[in-house]
Each structure stands twice: as structure tokens, then as C-alpha cells.
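Chain and residue survey
Now for the letters of each chain:
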Amino acid sequence: MDIEVLGTGCIKCKKLEENVRSAVAELRIEASVTKVEDIAKIMEHGVMSTPGVVIDGVVKSEGRIPSQQEIKNWLQGK
Amino acid sequence: MLQALADLLVYRLLVIHPGTELGSSLDFFFYDTVKIFLLLTVIIFVVAVIRSFFPPERARRLLGNKREYVGNLLASLLGIVTPFCSCSAVPLFIGFIESGLPLGVTFSFLISSPTVNEVALIMLWGLFGWDIALLYVATGVILAFIGGIVIGKLKLEHLVEDYVYKIKVGDREEVVLTWRERFEYARDYTKDILKRVWLFVIIGIGLGALIHGYAPIDFIVKYAGPGNPFAVIIAVLIAIPLYSNAAGTIPIVQALVGKGMPLGTALAFMMAVVAISTPEMIILRKVIKPKMIAIFVGIITVAIIFIGYLFNFVFVHHLLGA
């Protein structure tokens, strides 16, 4: 599983990255978490409000910090 | 009911005599603090739920290939409802420009979005009344509309950083939120804003209360009253570096109006506090050249000063006519 956290370095983006990493660790899922800070790469996903989460190329959320439960649901493919 | 509660607390429980300076200041402080925090919590939550329906991606689509004027008006109005945080200013700017939106229309949005914000609105409504709050919204929209048109006419496209034009925005389906996710977003948003402004609100209301209770009635009239032709300009120049204290400045301004500051001067001051923010300019520097930042700030400053004088003129004549 390929997870990207989109954000240019604001506080919310860091918080989201932490949440994603802890959700991955908790579920013991095989996944790579990358922080994407390059604006051109962020825009390639069509995201205009950061922070965003992209899982396997699909934008799951943008402009907000999703709850831990929400992130876990995505990771488990629910 | 809140007034009764404040009266009870100050005059009965703290046994301070009504009519004294201390009593009047404290009463004003408790009443306003409770009222403003109630308003902030409820209204920010409601506004955030509304905002969850207008992500910037939707604003971009709604603006589509709108040209000048219609585009400027729509962008100024969308700026009210679209959630905006200065950390998203860069992707938003690029997204708008990439979709072929004229620079002036993009700027109408960038002016309206921070200027007509819910915190300023609630403070104005709570402290000045809904008529002044509405007047502020209308003025903010007009400022964004005209500011954007002027920037559009100046043909400043070459002052946008080159890389902006090279970025390609990906196409995709819109993420649709469930109601539960909207409420969670609104809850987080409300907490976030309250955490950011509470101290400023208390300090602002506290200073306002001191002015209210202790400053002599005509103290403002001497310095910033209708007799000082430069008052609006000075007020706006003082306001520009005060960003992020919007929540704190409005109670002080309200107290100053009570001491004779003309409404136009007060409105111009408040508008300059929120419309021109240093952090936003620093972030916009990533997409536009310094010369364009200077032009942008210059246009907004002049427009706000003009608005200030206009209101002072209209209200003075209104009062004379009545």
C-alpha cells in the first residue's frame, strides 16, 4: 500500500502525517508513507487545500485532518 | 439575560457599586466576554458546516472560465464561503491560475476570503449589531470586486512566478463528505479557531472595557475625531501590521467608537487589520514577485482609506440630515 501525505509543511500537515504513521503502525500494515511537499506534485493530484491523503493514487481527503478511525478504515479497505 | 447575569456578578457578588468606573468596566467585560464566546462557538460551527460544502476545488469549478466583472463578483462572493487558511493560499492560487482564471478574478477571491471572515463578522455583530456587520460584509465584497478588477486591468501576469504557469493540475472526482465527517470537520475547525483567538478576544475586550470605563468621553474626539482630516490614513497605516489580532482589535475599536471615533475611521481600521496580513503576503511571495505584492498592498490600502472617508462623509451627512 502506497500512502502519500500532501502538505507544504504547515502544522496541520505534520499532525496528519503523525496520525497516518501511527495508524499504520497500530494495524501492522505493510505500507509506505511518504510526505509530499513539492507543490507541483501536490497539484498533480488535483488537491487545492492541504493537508491531503492519497492512498494508492486515490485522493481520500483534503483540507482537513481525518480522524484516526477514518484513516484506519481506509487502510483496511473499508 | 446575559446582561442580568453580568449585573448580578459584578454588582451583587463582587459588591461593586453601579455607576463607578470599576463597576462599569467589569460589567462590560463580563457581559461581552460571555456573549462573544457563545457567539463564536455556535456561529463558527455553523459556518464550518456550510464551508464543508464549498471546498476550493468547487470554487474553481464554479468560476470555470468566467471572465472579468462576472468572474470578479462571483469570486468575491465565493471568498466568503470557501474555507481559507493562509497555508493553502499557494495551491489555491496555482489551481485558479492553471484553470485559466484571469489574475484579477483570482485576486478578487484572495481579497474577499480573509477580509470577510467569520471571526470579524461575529465580533462586529456581537459588539456593534447586525447592521454594521452587514455593512462590513458588503464593503468587503465591494473592496474585493474593485481590487480584483484594478489588478486585472494592470496586466500583471508577468509578475507571477514562471513556474506557476508550468504546473499541471490533476483531474479527479470530488471527495464527497458524509454528514458525520462534516460535523467532525466543523468541530475541529471551531476548536482550532477558538484556540487561536481566545486570548486576543479576552485582552481586546479587557482593553475595550478599560477604555469604556475610564477614558474620558471626548478623548478620541481630540485625536481621531471628525476634526482630524488624516485620522483614516493614520488608522489604516497602524492597522496593517496588526494581523491575527482581528479578534482583539474589534472590541477596542468598539470602545473607541463609543468615545467619539467616527464609524468610517473605525471600519477602515478593522478592514485593514484583516485584509492585509503579513503572513499571507509572505506565503503569496512564493507565487508572485515582490513588485506585485507591493502593488497588491498599495491598491488595498488606498481602497480602504477611500472607503473610510466615504463612510465618514456619508454618516456625517446622514446625521446632519436627520
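The structure reproduced in this document is the subject of the present report. Please read these numbers as outputs of a predicted model, since none were measured by experiment. (Residues numbered from 1 in each chain as written. Chains lettered and ligands numbered in written order. Predicted model: local features only at pLDDT ≥ 70, side-chain atom pairs only at ≥ 80, totals over all residues. Heavy atoms only, no water.)

This part covers the overall build of chain A. The helix and strand inventory of chain A stands at three helices and four strands. Starting at the N terminus and walking to the C terminus, you meet the elements of chain A as β-α-β-α-β-β-α. Taken over the C-alpha trace, chain A has a radius of gyration of 11 Å; the compact-globule value for 78 residues is 12 Å, and the two agree within 12%. Overall, the C-alpha framework of chain A stretches about 30 × 25 × 15 Å when taken along its three principal axes. (Helix = DSSP H or I, 4+ residues; strand = E, 2+ residues; numbered from the N terminus. Rg over C-alpha atoms; globule rule 2.2 N^0.38 Å.)

In terms of helices and strands, chain B carries 16 helices and zero strands. Radius of gyration (C-alpha) of chain B: 21 Å, near the 20 Å computed for a compact globule of 322 residues. For the C-alpha atoms alone, the extent of chain B along its principal axes is close to 70 × 50 × 35 Å. Across the 322 residues that make up chain B, the buried fraction comes to 52%. Sequence-distant contacts, at least 24 apart, represent 85% of the contacts inside chain B between residues at least 6 apart. Summing over all exposed atoms, chain B offers an accessible surface of approximately 15,000 Å²; the carbon and sulfur share of this is 72%. Once the 25 positive and 21 negative side-chain charges of chain B are each reduced to a mean point, those two points are 5 Å apart. (Buried < 20%, exposed > 50% of the residue type's maximum accessible area, 1.4 Å probe, protein only. Contact = heavy atoms within 4.5 Å. Areas by Shrake-Rupley, 256 points an atom, 1.4 Å probe, with all protein chains shown as cover. Lys, Arg positive; Asp, Glu negative; His and termini not counted. Charge placed at Lys NZ, Arg CZ, Asp CG, Glu CD.)

A few words on the interface of chain B and chain A. In this complex, chain B contributes 24 residues to the contact, which on the side of chain A involves 21 residues. Both sides of the chain B and chain A interface together cover about 1,800 Å² of buried area, and 61% of this is carbon and sulfur. At the boundary of chain B with chain A, the tally comes to two salt bridges. Linking Glu181 of chain B and Arg64 of chain A is a salt bridge whose minimum nitrogen-to-oxygen distance equals 4.0 Å. If you look at where chain B meets chain A, you find three residue pairs in polar contact (both at pLDDT 80 or more). Secondary-structure elements contributing two or more residues to the side of chain B that touches chain A are helix H3 (56–63), helix H5 (89–98) and helix H10 (179–214) of chain B. Taken together, the residues of the side of chain B that touches chain A sort by class into 13 nonpolar, three polar and eight charged. (Buried area = accessible area lost by both parts, 1.4 Å probe. Salt bridge = Lys/Arg side-chain N within 4 Å of Asp/Glu carboxyl O. Polar contact = N/O pair within 3.5 Å; in protein donor to acceptor, adjacent residues only side chain to side chain. Nonpolar A, V, L, I, M, F, W, Y, C, P; charged D, E, K, R; others polar.)

The next subject is the pattern of salt bridges. Here the structure, examined in full by the defined rule, presents 13 salt bridges over all chains. For Glu26 of chain A, the salt bridge goes to Lys72 of chain A, with nearest N and O atoms at 2.6 Å. Taken as a pair, Glu26 of chain A in helix H1 (residues 11–27) and Lys72 of chain A in helix H3 (residues 68–75) lie far apart in primary sequence, 46 residues in all. A residue is classified by how much of its surface remains accessible, and Glu26 of chain A, at 51% relative accessible area, is exposed. Overall, Lys72 of chain A belongs to the buried group, its relative accessible area being 15%. For Glu161 of chain B, the salt bridge identified is with Arg285 of chain B, shortest N-O distance 2.9 Å.

Looking now at the packing of helix H1 (residues 2–13) of chain B against helix H2 (residues 21–51) of chain B. Residue and element names in this part refer to chain B. It is the contact of H1 with H2, at a shortest axis distance of 9 Å, that shows an interaxial angle of 140 degrees. With respect to H2, the element H1 is oriented oblique. Of the two possible hands of crossing, H1 and H2 adopt the one that is right-handed. Facing Leu2, Gln3, Ala6, Asp7, Leu9, Val10 and Tyr11 of H1, the residues of H2 in contact are Gly23, Ser24, Leu26, Asp27, Phe30, Tyr31, Val34, Lys35 and Leu38. Residues that form the contact of H1 with H2 fall into these classes: ten nonpolar, three polar and three charged. (Axes fitted to C-alpha atoms, helices over the stretch in contact; angles between N-to-C directions. Parallel < 35°, antiparallel > 145°, perpendicular 65-115°, else oblique. Left-handed = near helix turned anticlockwise from the far one by under 90°.)

The next subject is the environment of Arg64 of chain A. Residue position: Arg64 of chain A is located in the loop between strand E4 (58–62) and H3. A relative accessible area of 7% means that Arg64 of chain A is categorised as buried. Contact partners of Arg64 of chain A, with chain neighbours within four places excluded, come to Pro51 and Glu70 of chain A together with Leu177, Glu181 and Tyr185 of chain B. A distance of 2.8 Å separates polar atoms of two side chains, one belonging to Arg64 of chain A and the other to Glu70 of chain A.

Among the nonpolar cores identified, the biggest contains 97 residues, and Leu40, Phe93, Phe107, Phe128, Ile288 and Ile304 of chain B are the most heavily contacted of them. The residues touching Phe107 of chain B, leaving out its near neighbours within four places in the chain, are Phe93, Ile151, Ile288, Met292 and Phe296 of chain B. (Core = buried A, V, L, I, M, F, W, Y, C linked by side-chain atoms within 4.5 Å.)

Moving on to a nonpolar patch on the surface. Residue and element names in this part refer to chain B. On the surface, a nonpolar cluster with roughly 660 Å² of combined accessible area is contributed by Leu22, Trp198, Leu199, Ile203, Leu207, Leu210 and Tyr214. At six residues, the largest contribution of residues to the nonpolar patch is made by H10. If you trace the backbone, Tyr214 turns up in helix H10. (Patch = residues over 30% accessible without salt bridge, like charges linked within 9 Å, V, L, I, M, F, W, Y side chains within 5 Å.)

The relation between two aromatic rings is expressed through the spacing of the ring centres and the mutual angle of the planes. Residues and elements named next belong to chain B. With the rule as written, the count across this model stands at eight aromatic pairs over all chains. Ring geometry for Phe96 against Phe109: centres 5.1 Å apart, planes inclined by 75 degrees, an arrangement best described as edge-to-face. Of this pair, Phe96 sits in helix H5 while Phe109 is found in helix H6 (residues 103–115), placing the two residues 13 residues apart along the sequence. Exposure class is identical for Phe96 and Phe109. Each is buried. A centroid spacing of 5.8 Å and a plane angle of 35 degrees characterise the contact between Tyr185 and Tyr189, whose relative ring orientation is tilted. Taken together, the residues span about one helical turn, with Tyr185 and Tyr189 both in helix H10 at a distance of four residues. A relative accessible area of 11% means that Tyr185 is categorised as buried. Joined through ring pairs, the aromatic side chains of Phe45, Phe53, Trp179 and Phe183 make up one cluster. The ring of Phe53 is capped by Arg182, whose NZ or CZ atom sits 3.8 Å from the centre of that ring. (Phe/Tyr/Trp six-rings, centres within 6.5 Å; stacked < 30°, edge-to-face > 60°. Lys NZ or Arg CZ within 6 Å of the ring centre and 35° of its normal.)

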